[in-house]
Amino acid sequence: MNATIEVRELRKRYGPVLALDGMTFTAAAGQVTGFVGPNGAGKSTTMRILLGLDTAEAGSALIGGSRYARLRRPLSHAGALLDAGALQPSRTGRHHLLWLAHSQGLGVRRVDEVIALTGLGGAARRRAGGYSLGMRQRLGIAAALLGDPPVLLLDEPFNGLDPEGIVWMRGFLRGLAARGRAVLVSSHLMGELQDTADHLVVVGRGRVIADASTAGLLAAASGDQVTVRTAAPAAAMAVLARAGAAVTEAGPGTVTVAGLAAERITALLGAGGVTFAEVTARRATLEEAYLELTRDAAEFRADPAGAAGAWPAGERAAPPDPGSGPAGPGTGFPGGPAGAGSRAQEAGAPVTPEAGR
Amino acid sequence: MTAVTDRAPARPDRDGFGQLLHAEWTKFRTVRGWVIGMIVAALASILVGLLAAGSANIGCRPPGGPVRTGRACLPAIPVGPGGEAVTDSFYFVRQQLARHGSITVRISGLSGRYGGGGGPAGASAAGGGAAGMTPGLQPWSKAGIIIAASTRPGAAYAAMMATGRHGVRLQWDYTHDTAGLPGAVSAAAPRWLRLTRSGDTLTGYDSADGAHWTQVGTVTLPGLAGTVPAGLFAASPLHLDTTAFFGGSRGQSSGSEATAVFDHVVLRGGQPGARWTGGFIGGGQRAPYPLPAGGYRQAGDVLTVTGSGDIAPDVTGAGSTFPSTVIEDHLVGIFAGLIAVVVVAAMFMTAEYRRGLIRITLAASPRRGRVLAAKAVIVGGTAFAAGLVASIISVTIGTRLASAQGMYVLPVSLLTQIRVVAGTAALLAVAAVLALAIGALLRRTAAAVAVGIVVIVLPFILGVASVLPAGAAEWLLRLTPAAGFAIQQSLPAYAQVGAPYSPAGGYYPLAPWAGFAVLCGYAALALTLAIVLLRRRDA
Amino acid sequence: MRPASEVAGRSATQAPRQGAGEQGDEGSRRHLAPRRRAGNSLLLAPHAEWTKLRTVPGTGWLLAGIVAATVAVSVLALAATRCPAGVACPADTARLSLTGVQAGQAVVAVLAVLAVSSEYSTGMIRVTLAAMPRRAELLAAKAAVVTGLVLAAGTAAVAGCLLAGRLLLPGHGFTAARGFPLLSLGDGAVLRAFAGSVLYLGLIGLLSVGLSVLIRDPGAAIGTVLGLLYLAPIVAAVLGASPVWQHRVERYAPAMAGLVIQDTTGLHGLPVGPWGGLGVLAAWAGAALLAGGLALRWRDA
């Protein structure tokens, strides 16, 4: 079985809302494909169409080369987690998996295997209504893995996970891809995918905005700025300016340098006898890359007059200028990697769970 | 205190219940499905009501004429002094009576026969067709003396009479009935009856021997003319061959007649030298007893009077002599509305639990009992509004359609109409509150809706349209929430009319407001229980 | 922003991979690969639906409720009915004993509606359809499982009614000497009434499944089903003045026509024959399932 997801020219309209407007992308085997975009960009709709739940007006959505509805025992071809809350609260998690297993001709043994695999453990025998969101996500993942499918579609799997859960989920997704599965993971929080996805499909308003490797996207959005922390900023500026760089003082004891590589700066400063505490090459985060890409595509803007694309919907946006420093407190990346903790604190950004990793 | 305020504007309503009501109302009206549900309740009530009303087709054939249908077949029904439709058909042997006077008789025999000729509206004459008739009196066969305002059907009257199975009675103005001497009349046990007139006041007496008289009652008939007809009468209502052992069974009716033997007839205050004249009152082509039966024979001072018909209020159902409806017949659609209202009301509560909204609600107003009370007011109020609109439209259109089809709509007073129409709306409101409370108790939509419908509707079905015997049906309609439908009964069950007053015929065992109180009791009980549980349970 | 030093240190992000839940190599994967049971794939959906129903506690309670409601109402009806000496009692003792079916059908409706609409109210229908994308097969499986359970509970309920009738009727004046032989399944008409009542309940289950797939919302679905079942007898009761319409309602309303299967006396006076009446109900159930199936087929989940 061909472990791919192919989406071609999908169109879908819900009443007056054009949900999908020519959505096209492919998720290949052996990698985690991030599927990112603002709320309402069409991610969930695409996944529902892939699973044959909704019908597209035009285009095709294939899993392993065939339409989902034609698959026999479909959970062995594709596993999906759409909405972790979608279960009857009075049934235990184990029994939820059991009926799913029976629908695929699988036995109770496989159920216990996926329970062990996802770390549900003893909770599996409790009513699913009492699960925390994180437990429901694990149960949803267990359901997706039930048929040991080569293709996985996970809609916002990081939602509601605690820090430990997020770390677990990342590793889990990488592990799945490492064994040749095609994993499509949607998220509206880019940071979650930065360390997880090999490839990113960025969507907005029902269309693909960017379809590139994560590294490529980051490189494209990165400037070549370097920050130097030094007790002698004036001396450092003089040395670097002489070497042809554009140097500005970004703050007390901090100098921003453009036009020189970090290694060269270290060498120059060393040669010039200027002491420095830290030389940091700054690279854009996915958020910045994303905001650049979706500047026009974001469906909801908190501040239509401002230049900033609000992200995510409803939260106040900070100016998405890559040079303006770390993401501000309001940019809405609660789960995003804020980089080194010291840096994050410097700009007042929340210290995110991963900060200390 | 600093000058910095970050407070919400002061709220005028310190009590807070007004705000709670406002919040719940906003909650209600912003869910499109619930608003639609209430509109559906009103529309369904009207539509089902019209479906039930708009399908009758009354045909009639006046003697020698072509077959006609619809309004042309509406019977000419007299209306009594109280505004109610009455049957006023009897054989009347009379003279004129002055402002002051009396009439005294002795009845030494009362006999009758029935059957054979079919119903009163049938083509064959009950009076002429002696063949095939069975001897026997009807329970409310009646004969005696009467003083009437006029011979026009529906006129005011007072009468002393012997009856088939209910002893001596004083009856006046159709709906009033007072018992006198018990027991049947025979030659061995004759009955003396006297009716005296003094202006507008009539007094009835009875006696077993003509010497010792007992006053049965005094009646005032305002505006009685100077001279009025007075004399002897005989009438006998339909013979009902009811197989009414089981609620759903059907009755067969046939004509009957009664014959009374009078002697010792004394009329004081009459015109000197006047003679008795006999005649059938209330006959005619469009009258319920079109072909009058009866007559009289005078032999010496013995007068024998034979008559058919009745002097009594009209009822529906098996006791009716013509196709008729009552206003509540056009409110049957309210059951459809009831189901929709129960669905909306139960969901108004259970929806709080489905997604944990109840936690927000209770965080906003921690006094839980008041939350439920506010919900009850909102859902009850909207249900009342929907029910009122539906009832007014249903009754207005339904009665018109019925008349157009030749169905006579029995008139009731305006007050009764208001009670029936507004009561029906109130029924929906209380049902909604009951369903809301059930929703709060069960917290599951499907179960709450099913229980709400079943406890109200199923007892009604079992009581009104099932194989249950009448006794069991009546207990059902006394003890279950379905008792509330009594509020719709527009005509009382007259004891002096021998109709089978079963729930199936639209007669409830409890008085209108008593029945309604039973339903209210259930709703109050459920609501109290719900409030107690809501306070005790974790949200 | 991420310092280059940390971005460069990708290995750090890869660390959790080794700790991933699904321990890694091909060997263990083979070990973990699900083992499929052999068997007819047509039975997979019913098996899943059966598991689904039996693993929620509500199902057991509702099945018990079907039996309890039916038998309790029948016992009450029987207890309230007497045939005093010297009075002709035109009673249909079989039908009287089965009065409770009118209450039991409401519980059947709740069971069937919940089996469908709880999937919609929780969103689980998407999981279900992802696992069983053949929607007609899914609906058939669900209907079959629900109906099977209802038939089982209905058999117990109707057996209870029969027992109650046999125990209570003779003591209330319905004796063989007066033309009311002890209810016995050996009597063809009685057998038809009791077995037919079981089928009746099964068809109510099918009708409810079909309608709730169409309507989806549990409250609206149960309201519609119960309205369909309970309104007709009330409307028919006031239609006395228009026999044609009364006849139509009695003949074509699902519950009224279906319950004619319970009649054992006065059969020629009925608006529809016993099996014909059950056929009318079956037509309603079929139409509801068809409509539900088409809606399921064409609607986005």
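Residues numbered from 1 in each chain as written. Chains lettered and ligands numbered in written order. Predicted model: local features only at pLDDT ≥ 70, side-chain atom pairs only at ≥ 80, totals over all residues.

### Here we look at the overall build of chain A
We apply this condition: Note on conventions: DSSP H or I runs of at least 4 residues are helices, E runs of at least 2 residues are strands, and numbering of each starts at the N terminus. Any residue whose C-beta has 12 or fewer other C-beta atoms within 10 Å is treated as exposed, any with 20 or more as buried, and any in between as partly exposed, C-beta atoms being built from the backbone. Any residue pair is listed as a contact if its two C-beta atoms, each placed from the backbone, are within 7 Å.
Secondary structure assignment for chain A yields 11 helices and 13 strands. Considering chain A as a whole, with its 357 residues, one finds that 54% of them fall into the buried category. In chain A, the proportion of contacts linking residues at least 24 apart, taken out of those at least 6 apart, comes to 63%.

### Observations concerning the overall build of chain C
In terms of regular secondary structure, chain C is built from 14 helices and 1 strand. Looking at chain C as a whole, 58% of its 301 residues qualify as buried. Pairs at least 24 residues apart make up 77% of the contacts formed inside chain C by residues separated by at least 6 positions.

### Comments concerning unusual backbone geometry
Residues and elements named next belong to chain A. A positive phi angle, close to 45°, is found at R73, a residue other than glycine. In this structure, R205 is a non-glycine residue whose phi angle is positive, near 50°. Its location among the elements puts R205 in the loop between β8 (199–204) and β9 (207–213). Judged by local crowding, R205 falls into the partly exposed class, with 19 C-beta atoms found within 10 Å.

### Focus: helix α3 (residues 108–117) of chain A
Restricting attention to buried positions, one finds in α3 of chain A the residues R110, V111, E113, V114 and I115 of chain A. G119 of chain A, located one to two residues past α3 of chain A, shows a positive phi value of around 70°.

### Overview of the pairing of strand β19 (residues 302–307) of chain B
Residues and elements named next belong to chain B. The condition is simple: Here a strand pair is declared whenever DSSP counts at least two bridges between the two strands.
Bridge count between strand β16 (residues 256–270) and β19: 5 bridges; the pairing is antiparallel. Looking across to β19, one finds that F262 is bridged to L303. The sheet contact formed by strand β18 (residues 294–299) and β19 spans 6 bridges and is antiparallel. Bridging across to β19, G294 finds its partner in G307.

### Notes on the interface of chain B and chain C
What counts, and what does not: Put simply, Ala, Val, Leu, Ile, Met, Phe, Trp, Tyr, Cys and Pro go in the nonpolar bin, Asp, Glu, Lys and Arg in the charged bin, and everything else, Gly too, in the polar bin.
With 46 residues of chain B at the contact, the number on the chain C side is 39 residues. Secondary-structure elements contributing two or more residues to the side of chain B that touches chain C are α2 (32–53), α3 (334–354), α7 (445–464) and α8 (470–479) of chain B. Among the elements that line the side of chain B that touches chain C, the one with the most residues is α7 of chain B, at 13 residues. Of the residues in the side of chain B that touches chain C, the class split is 36 nonpolar, 8 polar and 2 charged.

### Re the packing of α3 of chain B against helix α4 (residues 357–364) of chain B
All names here are of chain B. Applicable threshold: Axis geometry follows a simple rule: fit a line to the C-alpha atoms, using only the stretch in contact for helices, then measure angles between N-to-C directions, giving values from 0 to 180 degrees. Note on terminology: angles under 35 degrees are roughly parallel, angles over 145 are roughly antiparallel, angles of 65 to 115 are roughly perpendicular, and the others are oblique.
Packing of α3 against α4 brings their axes to within 5 Å, and their N-to-C directions diverge by 100°. Between α3 and α4, the crossing angle belongs to the class labelled roughly perpendicular. Contacts between α3 and α4 involve A351, E352 and Y353 from the first element and L357, I358 and T361 from the second. For the contact of α3 with α4, the per-class residue count stands at 4 nonpolar, 1 polar and 1 charged.

### So, the sheet that holds strand β2 (residues 17–27) of chain A
Residues and elements named next belong to chain A. Spatial strand order, β2-β1-β4: 3 strands in an open sheet with antiparallel pairing. In this open sheet, the two edge strands, each paired with only one partner strand, are β2 and β4 (58–63). Across the sheet, the axes of successive neighbouring strands diverge by a mean angle of 20°, strand direction being ignored. In the sheet, strand β1 (residues 5–14) pairs with β4 via 5 bridges, with the strands oriented antiparallel. In the strand pairing of β4, V7 is matched with A61. Where helix α1 (residues 43–50) meets the sheet, it contacts β1, β2 and β4, and its direction lies at approximately 115° from that of β1.

### Quick word on the nonpolar core
Definition in use: Any nonpolar core is a set of buried residues, restricted to Ala, Val, Leu, Ile, Met, Phe, Trp, Tyr and Cys, that join up through C-beta atoms within 7 Å.
Residues V341, L428, L436 and A450 of chain B together with V110 of chain C are the most contacted members of the largest nonpolar core, which totals 362 residues. Considering every element that reaches this core, the biggest residue donor is helix α6 (residues 414–442) of chain B, with 18 residues. In contact with V341 of chain B, not counting residues within four places along its chain, are A41, A383, A386, L428, A431 and A432 of chain B.

### Things to note about the confidence of the model for chain A
Note the cut-off: pLDDT gives the predictor's per-residue confidence on a scale running from 0 to 100.
Taken as a whole, chain A shows an average pLDDT of 78; of its residues, 79% reach a score of 70 or greater. Note on residues 299–357 of chain A: pLDDT under 50 across the span, and 127 contacts to partners over four residues away in sequence or across chains.

### A closer look at α3 of chain B
Working note: α-helix, 3.6 residues per turn, so residues spaced by three or four point in the same direction. Residue and element names in this part refer to chain B. To be explicit about the condition: The length a helix should cover is 1.5 Å for every residue beyond the first. We define the bend at each residue as the angle formed by axes fitted to the 7 residues ending at it and the 7 residues starting at it.
For α3, which comprises 21 residues, the first-to-last C-alpha distance of 29 Å matches the rise-based estimate of 30 Å (1.5 Å per residue) to within 8%. For α3, the principal kink sits at F348 and spans about 35°. The element α3 is extensively covered by neighbouring structure, given that 18 of its 21 residues are classed as buried. The positive-phi residue at the C-terminal boundary of α3 is G356, with phi of around 75°.

### Points about the packing of helix α2 (residues 93–103) of chain A against helix α4 (residues 44–54) of chain C
Definition in use: Two helices that cross are described as forming a left-handed crossing if the nearer one is turned anticlockwise from the farther one by less than a right angle, and a right-handed crossing if clockwise.
Across the interface, α2 of chain A lies against α4 of chain C with an axial gap of 7 Å and an inter-helix angle of 170°. Considering their axes alone, α2 of chain A and α4 of chain C lie roughly antiparallel with respect to each other. Classified by chirality, the crossing of α4 of chain C by α2 of chain A is right-handed. Contacts between α2 of chain A and α4 of chain C involve L98, W99, L100, H102 and S103 of chain A from the first element and L44, A45, H47, A48, T51 and K52 of chain C from the second.

### Quick word on the environment of G104 of chain C
Residues and elements named next belong to chain C. Note on placement: G104 falls in helix α7 (residues 101–122). Accessibility expressed as a C-beta count within 10 Å gives 32 for G104, which makes it buried. Distance in space between the C-alpha atoms of G104 and V145 is 18 Å, their sequence separation being 41 residues. Non-local contacts of G104, meaning those with residues more than four positions away in its chain, are made with I66, A69, T70, A157 and L201.

### Comments concerning the pairing of β8 of chain A
Residues and elements named next belong to chain A. Counting buried positions along β8 gives 6 out of 6 residues, so the element sits mostly inside the fold. Side chains H199, V201 and V203 of β8 all project onto a buried face; the interleaved residues L200, V202 and G204 project onto the opposite face, where all are buried too. Of the strand pairs in this sheet, strand β3 (residues 31–36) and β8 are connected by 4 bridges, and their pairing is parallel. Counterpart to G34 in the pairing with β8 is L200. The sheet contact formed by β8 and β9 spans 6 bridges and is antiparallel. Bridging across to β9, V202 finds its partner in A210.

### As for the sheet that holds strand β5 (residues 78–81) of chain A
Residues and elements named next belong to chain A. One open sheet holds the 6 strands; their spatial order is β5-β6-β7-β3-β8-β9, and the pairing between them is mixed. Every other strand in the sheet has two partners, leaving β5 and β9 as the edge strands with one partner each. The average undirected angle you get between the axes of adjacent strands in this sheet is 15°. Of the strands in this sheet, β5 and β6 (151–155) touch helix α4 (residues 133–145), which is tilted by about 165° from β5.

### A word on the confidence of the model for chain C
All names here are of chain C. When pLDDT is averaged across chain C, the result is 84; 86% of the residues are at 70 or more. Low pLDDT, under 50, characterises residues 1–32; the stretch is placed with 50 contacts to residues that sit more than four places away or in other chains. The complex model carries a pTM of 0.82, and its ipTM stands at 0.85.

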